[in-house]
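# Residue-level structure breakdown
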There are 4 protein chains.
Amino acid sequence: MSNSLGKLFRVTSFGESHGRLVGAVIDGCPAGLELSEADIQPDLDRRRPGGGAVSTPRTEEDQADILSGVFNGKTTGAPICITIPNRNAQSDDYAEQRSIPRPSHADYTYYVKYGGHADYRGGGRASGRLTASMVMAGAIARKLLTAQGIEILGHAVEIGGIKTSARDYDTIRRDARFNATGCADQDAAKLMLQAIDRARRDGDSLGGIIEVIALGVPAGLGEPLFDSAESAMAQAFFSIPAVKGVEFGAGFAAARLKGSENNDPFIISEGRVQTDSNHAGGILGGITSGMPITARLAVKPTPSIALPQRSVNLESLSAAEMSVRGRHDPCVVPRAIVVAEAAMAITLCDLSIIAGTMGRVMA
Amino acid sequence: MSNSLGKLFRVTSFGESHGRLVGAVIDGCPAGLELSEADIQPDLDRRRPGGGAVSTPRTEEDQADILSGVFNGKTTGAPICITIPNRNAQSDDYAEQRSIPRPSHADYTYYVKYGGHADYRGGGRASGRLTASMVMAGAIARKLLTAQGIEILGHAVEIGGIKTSARDYDTIRRDARFNATGCADQDAAKLMLQAIDRARRDGDSLGGIIEVIALGVPAGLGEPLFDSAESAMAQAFFSIPAVKGVEFGAGFAAARLKGSENNDPFIISEGRVQTDSNHAGGILGGITSGMPITARLAVKPTPSIALPQRSVNLESLSAAEMSVRGRHDPCVVPRAIVVAEAAMAITLCDLSIIAGTMGRVMA
Amino acid sequence: MSNSLGKLFRVTSFGESHGRLVGAVIDGCPAGLELSEADIQPDLDRRRPGGGAVSTPRTEEDQADILSGVFNGKTTGAPICITIPNRNAQSDDYAEQRSIPRPSHADYTYYVKYGGHADYRGGGRASGRLTASMVMAGAIARKLLTAQGIEILGHAVEIGGIKTSARDYDTIRRDARFNATGCADQDAAKLMLQAIDRARRDGDSLGGIIEVIALGVPAGLGEPLFDSAESAMAQAFFSIPAVKGVEFGAGFAAARLKGSENNDPFIISEGRVQTDSNHAGGILGGITSGMPITARLAVKPTPSIALPQRSVNLESLSAAEMSVRGRHDPCVVPRAIVVAEAAMAITLCDLSIIAGTMGRVMA
Amino acid sequence: MSNSLGKLFRVTSFGESHGRLVGAVIDGCPAGLELSEADIQPDLDRRRPGGGAVSTPRTEEDQADILSGVFNGKTTGAPICITIPNRNAQSDDYAEQRSIPRPSHADYTYYVKYGGHADYRGGGRASGRLTASMVMAGAIARKLLTAQGIEILGHAVEIGGIKTSARDYDTIRRDARFNATGCADQDAAKLMLQAIDRARRDGDSLGGIIEVIALGVPAGLGEPLFDSAESAMAQAFFSIPAVKGVEFGAGFAAARLKGSENNDPFIISEGRVQTDSNHAGGILGGITSGMPITARLAVKPTPSIALPQRSVNLESLSAAEMSVRGRHDPCVVPRAIVVAEAAMAITLCDLSIIAGTMGRVMA
């Protein structure tokens with residue numbers, strides 16, 4: 001429930017933005033997978049506030065520490081606990097938050113749900129920092145999937161209204177990680193960076209759209225009706241802060257196509273059943289079809305902005321002006337890519353174990 | 001798993017499109033709710049193929065039959081089993097389906113996942129007819145929510161590319177059910193009907209977008225991270241066949257707004273904390289904020305079309321031409337509205353019981 | 001939850017003792033299993049009130065009806081709904097129950113939990129009749145296990161204080177079903193029948209102990225810590241009405257042995273690792289060891305007795321005398337054997353699918 | 001699953017006996033509970049190897065460290081992670097374990113299930129040390145229950161065949177913790193200590209029986225059929241290593257009583273419905289009745305004994321002699337009492353939140 005995701009490959013998140021640490025327990029990882037911190041760190045590094053223009057300068061080191069579940073360099077089948085310490089958190093910046101909730105943040109709803117007891121510092125549990133839990137679990141999931149020939153690719157397809165032109169998988173794999181936006185189209189990336197820089201200078205923020213692709217997924221994953229591949233992935237995607245929309249394949253665009261346009265003809269290709277187009281995004285009737293899975297996530301603009309905003313004082317129930325102090329990402333899209341990949345990887349691992357295509361012990 | 005949805009208010013679906021019946025077991029319904037078939041039937045009728053131009057003429061009577069869980073006219077706290085019989089199914093129309101999967105249907109993926117044993121007649125478990133399970137459970141959920149002052153409103157906001165102009169809740173409540181499209185804008189509805197009629201004559205089909213709104217939802221529902229209000233609803237929404245996209249509040253449009261535009265200022269109104277806009281769709285940090293919940297679902301065009309299509313023969317693994325015989329909805333959007341409402345109602349009941357705002361016995 | 005058991009092989013029970021029917025939905029059954037009512041009926045018949053002296057003369061026909069999930073004589077992977085109608089229920093016998101709860105029955109606790117709305121007729125949901133749900137699911141589970149070489153054997157080892165002498169598996173398999181007590185020791189069975197007959201004439205009732213054995217279970221089933229083989233089976237066993245104790249292997253007797261007596265030495269036998277004794281009951285550390293699984297269930301004497309008893313009137317909150325009218329089993333042990341077998345079979349199927357030793361499609 | 005227990009109050013265990021630490025994540029704890037390490041430590045201390053004669057001299061300090069979920073001295077509603085470090089583990093003692101499994105330990109079954117990858121040192125995940133996870137969670141659960149007027153009492157009722165005479169709750173509360181056996185009968189305790197001492201000198205071990213009692217539990221907890229109070233507690237109890245039997249109320253003894261003896265007459269006492277006896281152990285039809293809940297757990301003798309034993313070499317598949325080196329508890333019953341209390345406390349918290357009798361925010 002709540003802070004656990006998955007049925008047989010199960011991630012439990014704990015920790016707070018400005019508490020002592022952020023952690024994850026991964027239960028159900030097949031035994032016999034070679035695993036060390038070195039497998040986790042690259043994904044954590046991708047999540048970190050990073051390259052100059054794009055992210056907040058808070059320098060978290062985010063060193064993963066595997067506390068359990070690994071013995072002699074391999075997973076044991078026991079739950080794997082991984083943590084990263086919190087450092088360099090300037091909690092003073094957040095003092096005001098207690099009584100004046102930041103607009104479009106979770107401050108107010110956590111305040112109500114938890115009767116005023118929630119840790120409000122830096123967003124507490126609702127902070128983007130918590131996505132590190134998912135990223136750590138995702139790194140393990142990704143390694144398991146790689147052993148099955150499954151690859152997860154994420155990239156930014158839109159930031160601040162600037163769209164990438166469609167890119168093939170090879171380009172995405174090669175280019176998306178080589179600029180600060182995570183966009184595989186270098187021209188668009190340049191414009192995106194300028195837009196982000198402008199937003200930062202204006203004390204404002206931008207949103208965007210992330211695409212995540214899974215290649216090599218076998219047909220047959222997903223348990224319809226209610227644990228369909230789309231249902232399971234969407235549950236994971238919508239747990240990422242700032243995600244307000246999720247679509248698969250043609251998604252919302254499919255709503256404007258005719259059946260004759262949207263239907264994907266079946267063909268025989270490379271000796272197996274494939275489809276000539278992939279408006280379905282690799283999922284039919286909630287079950288993977290063997291075609292690439294494609295999903296897009298709408299990320300809202302960072303709610304933390306320097307510009308003055310209207311809010312209320314929860315104690316006096318009166319109007320209040322506020323502006324979010326501290327330094328914040330003017331656009332979290334680039335950092336959220338690895339989180340979206342993690343969400344897809346975790347879900348695919350879980351569905352693979354449920355469907356029996358991934359064993360409980362590594363071959 | 002799989003055919004069950006929800007944790008404490010739990011719906012289990014069973015039955016097939018062309019089997020003997022379609023049914024649902026609703027477990028966890030609070031005791032003491034007055035309930036009879038008359039509470040279920042109106043929603044089932046809304047799901048039925050209906051008014052002239054829009055839907056398939058297959059006349060299913062879809063008479064709900066409550067088999068358990070109700071005693072002396074009230075729910076007992078025991079699981080409620082409701083079924084509707086299948087009648088008038090012309091299975092002959094579907095004989096070809098066995099070896100030649102219909103493009104963009106679940107025929108192929110069910111064939112693979114279930115080793116050729118799936119009931120392929122009329123789409124079997126993957127048929128839109130199975131949404132009746134959700135509608136029956138949704139009717140109960142809706143009645144429970146009504147007792148708490150929560151109202152669920154659904155309407156078509158786009159069909160075949162024709163958009164409704166924004167409508168206030170009163171108009172939606174009053175007008176959306178009074179035409180065959182479920183659109184609250186009578187002018188748009190007229191154009192939609194024409195487009196649907198044209199698609200039918202062309203042997204083609206249309207998709208569209210449904211909006212579902214929940215009014216009166218208290219702040220505090222949703223269990224972040226992974227059972228957030230958005231995660232839980234999205235899981236339910238994506239279990240509806242043909243849904244390929246889900247967004248909350250401003251959704252994908254938020255990705256193009258600046259933070260200063262998208263943020264919803266907090267205000268004091270009617271003596272309580274509200275927001276001046278509602279781009280968040282009533283959910284912040286995965287928890288309901290007390291503002292109206294708004295979700296939009298992208299529905300792909302019906303894959304069953306009369307036009308000839310390319311497919312493959314699964315036995316000979318060779319190319320095959322096919323066209324879907326029988327009569328099919330050229331647009332399922334109008335019928336899917338009540339299903340989307342049901343999905344939201346079921347989820348909100350479950351979250352309400354989990355959060356403790358809905359009791360286990362009716363007051 | 002609550003009325004569902006299992007994670008990947010999942011049984012949902014519905015219906016009431018004196019409602020229209022009793023049913024079960026079995027979700028997660030592998031596809032491709034040949035299945036018809038004829039597979040279910042023998043176990044249902046074993047559960048029925050039966051042979052002369054032992055059980056209540058209420059003649060329920062208990063004809064299983066498979067409503068979904070089977071196509072062309074085989075399971076499809078879709079949920080299987082099976083029901084049996086209720087007939088011949090004389091509800092008048094139970095009118096008094098409403099306000100005067102029967103001692104050691106669930107009348108009072110259901111009354112409190114469900115705010116007076118529970119269906120009290122014949123015990124409603126708490127009736128032994130509901131075990132038919134488990135038996136129907138158990139018959140399917142047993143067939144799946146048989147295909148894997150796993151056999152479930154149950155027998156009465158004690159009734160009314162009369163103990164069976166230890167019996168080998170062949171004797172149990174051959175003899176336990178051939179008398180009205182389910183005891184494999186014909187001499188003990190004779191004494192048990194006399195004791196039961198005496199209890200009936202006295203208006204009293206007897207309890208006893210059931211042993212259930214699983215042969216051929218592979219090593220490696222069970223997910224420790226909390227879904228250990230013992231935890232999972234005990235959850236199922238304790239859902240059987242009247243069961244008040246569960247032990248595995250030497251069980252409570254182990255508490256009186258020394259380690260040197262209770263420990264089971266490992267040996268190599270038939271080319272594989274076995275143990276020379278089996279005080280562990282085939283489970284070590286929550287995981288099956290490959291040795292026979294043995295469990296014993298303590299069944300309390302039927303609380304429905306003709307003798308006068310002290311109770312209270314729930315409306316006036318005053319003392320009341322009552323005696324249970326109608327005809328009741330003086331000893332449910334014989335009928336509960338097949339229920340205990342079903343509980344073990346369902347659990348082993350679920351654990352097998354989770355561990356990956358049972359596939360999702362029949363080979 | 002597996003390493004998580006509970007639905008809304010959920011405990012996830014991680015860590016190994018000889019790894020870096022043992023930990024627990026407690027998700028679903030109501031917000032606003034005052035909590036510090038001082039609340040956890042007393043129960044951890046009771047679990048520790050302790051007083052002279054009874055336990056192993058390994059001096060683990062077992063200092064609880066709360067890593068998340070507490071802010072300003074109170075729980076926040078976020079997951080609470082607590083760990084204790086492992087110190088002073090002499091892994092050399094366990095080297096032999098790798099290829100020669102200890103009889104009646106989990107060495108062999110973990111070896112099979114996890115393909116030889118399990119951490120075998122000191123029993124790894126199957127070690128009694130892991131019960132510290134449950135004890136830490138149990139300490140929190142107990143504090144939540146105390147706020148509701150619910151008290152959990154555990155005591156040893158039998159060790160090495162020496163039985164305590166029946167004791168009233170006041171005596172148990174006062175005396176059970178004041179000797180090294182956890183037995184409330186000082187005369188029996190003396191004999192038990194002698195028997196344990198003798199077993200230690202003989203290189204052997206003893207088992208026993210623990211009774212756990214819950215006082216003040218309201219009527220109405222437990223979700224029948226399958227999440228009945230007995231089912232839920234038994235799942236938790238059987239996850240404790242060495243527990244081989246569980247009974248409620250009269251338990252196995254009820255199997256030998258007549259209905260007229262075992263039935264508990266309802267009476268009006270202190271203005272409310274009670275029963276004159278409590279053979280049911282406070283649970284009727286799977287639902288708590290408001291009477292004290294009583295459960296008894298059979299604990300097998302410690303399988304680690306110094307006496308030589310027969311085993312096998314898993315690599316050569318040949319017979320092998322072995323004797324367990326290192327120092328081990330000759331009787332774990334005294335230390336397991338607090339674990340059994342924890343299991344009951346966790347379960348009752350979960351059932352209370354599910355039933356709605358415990359809120360999500362402390363009043």
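The shown structure was predicted, so the numbers you read here are calculated from the model rather than taken from an experiment. The numbers attached to residues start from 1 for each chain and follow its sequence in the written order. Think of it this way: whatever chain is written first is A, whatever ligand is written first is 1, and the rest follow in order. Residue-level local features of this predicted model are given only where pLDDT is at least 70; pairs of side-chain atoms are given and counted only at 80 or more, and the full residue set underlies all totals for whole chains, interfaces and linings. Excluding hydrogens and water, the side-chain figures rest on all heavy atoms present in the structure.

Scanning chain A from terminus to terminus reveals eight helices and 18 strands. The C-alpha atoms of chain A give a radius of gyration of 21 Å, which matches the 21 Å a tight globule of 363 residues would have. Once the C-alpha set of chain A is aligned to its principal axes, its extents read approximately 65 × 50 × 35 Å. By residue count, 68% of the 363 residues in chain A fall in the buried class. By definition in these notes, contact holds between two residues if any of their heavy atoms fall within 4.5 Å. Considering only intrachain contacts with a sequence separation of at least 6, the fraction spanning at least 24 residues in chain A is 71%. Here the positive residues are Lys and Arg and the negative ones are Asp and Glu; neither His nor the chain ends is included. Think of each charge as sitting on NZ of Lys, CZ of Arg, CG of Asp or CD of Glu. Averaging the locations of the 37 positively and 40 negatively charged side chains of chain A gives two centres separated by 3 Å. Helical segments are the DSSP runs of H or I of at least four residues, strand segments are the runs of E of at least two, and each set is numbered from the N terminus. Radius of gyration here uses only the C-alpha atoms, and the compact-globule reference equals 2.2 Å multiplied by the residue count raised to the power 0.38. Only protein chains enter the calculation, and the probe is 1.4 Å; a residue is then buried if its accessible area is under 20% of its type maximum, exposed if over 50%, and partly exposed in between.

Turning to helix α1 (residues 37–47) of chain A, a few remarks are in order. Given 3.6 residues per turn, any residue in an α-helix points the same way as the ones three and four places further on. All of the buried residues along α1 of chain A are Ile40, Gln41, Asp43, Leu44 and Arg47 of chain A. As for α1 of chain A, its buried residues are in contact with β7 (80–85), α3 (131–146) and α8 (333–355) of chain A.

The next subject is the interface of chain B and chain A. Between chain B and chain A, the contact holds 100 residues from the first and 100 residues from the second. Sorting the residues of chain B by area buried against chain A places Phe226, Lys244 and Phe266 of chain B first, and these three jointly supply 11% of that buried surface. Salt bridge, as applied in this entry: a Lys or Arg side-chain nitrogen positioned within 4 Å of an Asp or Glu carboxyl oxygen. There are eight salt bridges connecting chain B and chain A. Taking the shortest distance from any N to any O, the salt bridge between aspartate 276 of chain A and arginine 310 of chain B comes out at 2.9 Å. A 3.5 Å cut-off defines polar contacts: any pair of N or O atoms within that distance qualifies, except that in protein one atom must be a possible hydrogen donor and the other a possible acceptor, and neighbouring residues in sequence count only when both atoms are side-chain atoms. For the interface between chain B and chain A, the tally reads 55 residue pairs in polar contact (both at pLDDT 80 or more). At six residues, strand β11 (residues 243–248) of chain B tops the list of elements feeding residues into the side of chain B that touches chain A. Between any two strands, at least two bridges found by DSSP are needed for them to pair. When strand β11 (residues 243–248) of chain A meets β11 of chain B, the two strands line up antiparallel, connected through three bridges. Bridging across to β11 of chain B, glycine 245 of chain A finds its partner in glutamate 247 of chain B. When two parts are brought into contact, each loses some accessible area as probed by a 1.4 Å sphere; the total of that loss over both is the buried area.

Superposition of the copies was done by least squares, using only C-alpha atoms of residues whose pLDDT is at least 70 in both. Laying chain C over chain B is done by rotating through 180° and shifting 0.0 Å along the axis; what remains is an RMSD of 0.0 Å. On the angle and the small slide along the axis, the relation comes out as a two-fold axis.

Before going further, it helps to spend a moment on the sheet that holds strand β7 (residues 80–85) of chain B. Residues and elements named next belong to chain B. Judged by pairing direction, the sheet is antiparallel, and its five strands sit side by side in the order β1-β2-β3-β7-β4 without closing on themselves. Each edge of the sheet is formed by a strand with only one pairing partner; in this case those strands are β1 (4–5) and β4 (65–66). Relative to β7, strand β3 (residues 21–27) runs antiparallel, the two sharing six bridges. When the sheet's bridge partners are listed, isoleucine 26 is paired in β7 with isoleucine 80.

Turning to the relation of the copies chain B and chain A, a few remarks are in order. Its rotation angle being 180°, the transformation that places chain B on chain A also includes 0.0 Å of axial translation and leaves an RMSD of 0.0 Å. Here 100% of the interface residues in chain B have copies in chain A that are interface residues too; the copies meet face to matching face.

Our focus in this paragraph is the interface of chain C and chain B. At the junction of the two partners, chain C supplies 43 residues and chain B supplies 42 residues. A combined buried area of about 3200 Å² lies between chain C and chain B, and 60% of that area is made up of carbon and sulfur atoms. At the boundary of chain C with chain B, the tally comes to two salt bridges. Ionic pairing is found between aspartate 65 of chain B and arginine 20 of chain C, a salt bridge with its closest N-O pair at 2.8 Å. Looking at the side of chain C that touches chain B, the elements with two or more residues in it are β2 (10–15), β3 (21–27), β4 (65–66) and β6 (74–75) of chain C. Looking at the side of chain C that touches chain B, the element that brings in the most residues is β2 of chain C, giving five residues. In terms of residue class, the side of chain C that touches chain B is made up of 16 nonpolar, 15 polar and 12 charged. Nonpolar residues are Ala, Val, Leu, Ile, Met, Phe, Trp, Tyr, Cys and Pro. Charged residues are Asp, Glu, Lys and Arg, and all others, Gly as well, are polar.

All names here are of chain C. Following both chains from N to C, one finds helix α1 (residues 37–47) and helix α3 (residues 131–146) inclined at 135°, their axes separated by 9 Å at the closest point. With respect to each other, α1 and α3 are oriented oblique. Seen along the crossing, α1 lies across α3 with a hand that is right-handed. Here Asp39, Ile40, Asp43, Leu44, Arg46 and Arg47 of α1 lie close against α3, whose contacting residues are Thr131, Ala132, Val135, Met136, Ala139, Ile140, Arg142 and Lys143. The class makeup of the residues in the contact of α1 with α3 is seven nonpolar, one polar and six charged. All axes are obtained by fitting lines to C-alpha atoms, using only the stretch in contact for helices, and the reported angles, taken between N-to-C directions, cover 0 to 180 degrees. With respect to orientation, any angle under 35 degrees is reported as roughly parallel, any angle over 145 as roughly antiparallel, any angle of 65 to 115 as roughly perpendicular, and every other angle as oblique. A crossing counts as left-handed when the near helix is turned anticlockwise from the far one by less than a right angle, and as right-handed when that turn is clockwise.

Let us look at the sheet that holds strand β8 (residues 151–159) of chain C. Read across the sheet, 10 strands follow the order β9(C)-β8(C)-β10(C)-β16(C)-β11(C)-β11(D)-β16(D)-β10(D)-β8(D)-β9(D) without closing on themselves; strand pairing throughout is antiparallel. Looking at which strands have only one partner, the edges of the open sheet turn out to be β9 (162–163) of chain C together with β9 (162–163) of chain D.

Further remarks concern helix α5 (residues 186–201) of chain C. All names here are of chain C. With 16 residues, α5 should cover 22 Å at 1.5 Å per step; its first-to-last C-alpha distance of 23 Å lies within 8% of that length. Against the buried residues of α5 lie β8 and β9. Sitting at the amino-terminal end of α5 is aspartate 185, which places a side-chain oxygen 3.0 Å from the backbone nitrogen of aspartate 187. Of the residues flanking the end of α5, it is glycine 203, one or two places downstream, whose phi is positive at about 70°. Given a helix with a known number of residues, its expected span is that number minus one, times 1.5 Å.

So, on to the confidence of the model for chain A. What pLDDT conveys is the predictor's confidence in a given residue, as a value from 0 to 100. For chain A, per-residue confidence averages 94 on the pLDDT scale, and residues scoring 70 or more make up 94% of the total. Overall fold confidence (pTM) sits at 0.97, and the ipTM for the predicted complex is 0.96.

That bond from proline 224 of chain A to leucine 225 of chain A is cis: its omega, 5°, falls within 30 degrees of zero. Summarising the element assignment, leucine 225 of chain A is placed in the loop between β10 (208–215) and α6 (229–237). Here asparagine 72 of chain D, not a glycine, exhibits a phi torsion of approximately 55°, which is positive. Positionally, asparagine 72 of chain D belongs in the loop between β5 (70–71) and β6 (74–75). The exposure class of asparagine 72 of chain D is exposed, given its relative accessible area of 57%. Even without being glycine, leucine 317 of chain D reaches a positive phi, approximately 50°. Inspection of the secondary structure puts leucine 317 of chain D in the loop between β17 (309–313) and β18 (318–322).

A word on the pairing of strand β12 (residues 266–269) of chain B. In this sheet, strand β13 (residues 272–275) of chain B lies alongside β12 of chain B in antiparallel orientation, the contact comprising four bridges. Each residue of the ladder has a partner; that of phenylalanine 266 of chain B, found in β13 of chain B, is threonine 275 of chain B.

The next thing to look at is the pattern of salt bridges. With the rule as written, the count across this model stands at 100 salt bridges over all chains. We note a salt bridge from aspartate 43 of chain C to arginine 142 of chain C, for which the minimum N-O separation is 3.1 Å. Of this pair, aspartate 43 of chain C sits in helix α1 while arginine 142 of chain C sits in helix α3; the two residues are 99 residues apart in sequence, bridging distant segments of the chain. Both residues of the pair, aspartate 43 of chain C and arginine 142 of chain C, count as buried. Three or more residues are tied together by salt bridges with common partners; here these are Asp43, Arg46, Arg142 and Glu341 of chain A.

The next subject is the pairing of strand β2 (residues 10–15) of chain B. Taken residue by residue, a regular strand's side chains alternate between the two faces of the sheet. Residue and element names in this part refer to chain B. Most of β2 is tucked away, with six of its six residues classed as buried. Here β2 shows two buried faces, one formed by Arg10, Thr12 and Phe14 and the other by Val11, Ser13 and Gly15. With two bridges connecting them, β1 and β2 associate as antiparallel partners. Bridging across to β2, serine 4 finds its partner in threonine 12. With antiparallel pairing between neighbouring strands as the criterion, β1 and β2 make up a hairpin whose turn holds four residues, including glycine 6 at a positive phi of roughly 100°. Bridge analysis of β2 against β3 gives six bridges, and the strand direction is antiparallel. Paired with arginine 10 across the strands is aspartate 27, a residue of β3. In sequence, β2 turns back onto β3 through a hairpin of five residues.

A separate point is the state of the cysteines. The disulfide criterion used throughout: a pair of cysteine sulfur atoms within 2.5 Å. This structure, assessed with the given rule, holds zero disulfides over all chains. Left unpaired, cysteine 331 of chain A is separated from the closest cysteine sulfur, that of cysteine 183 of chain A, by 11 Å.

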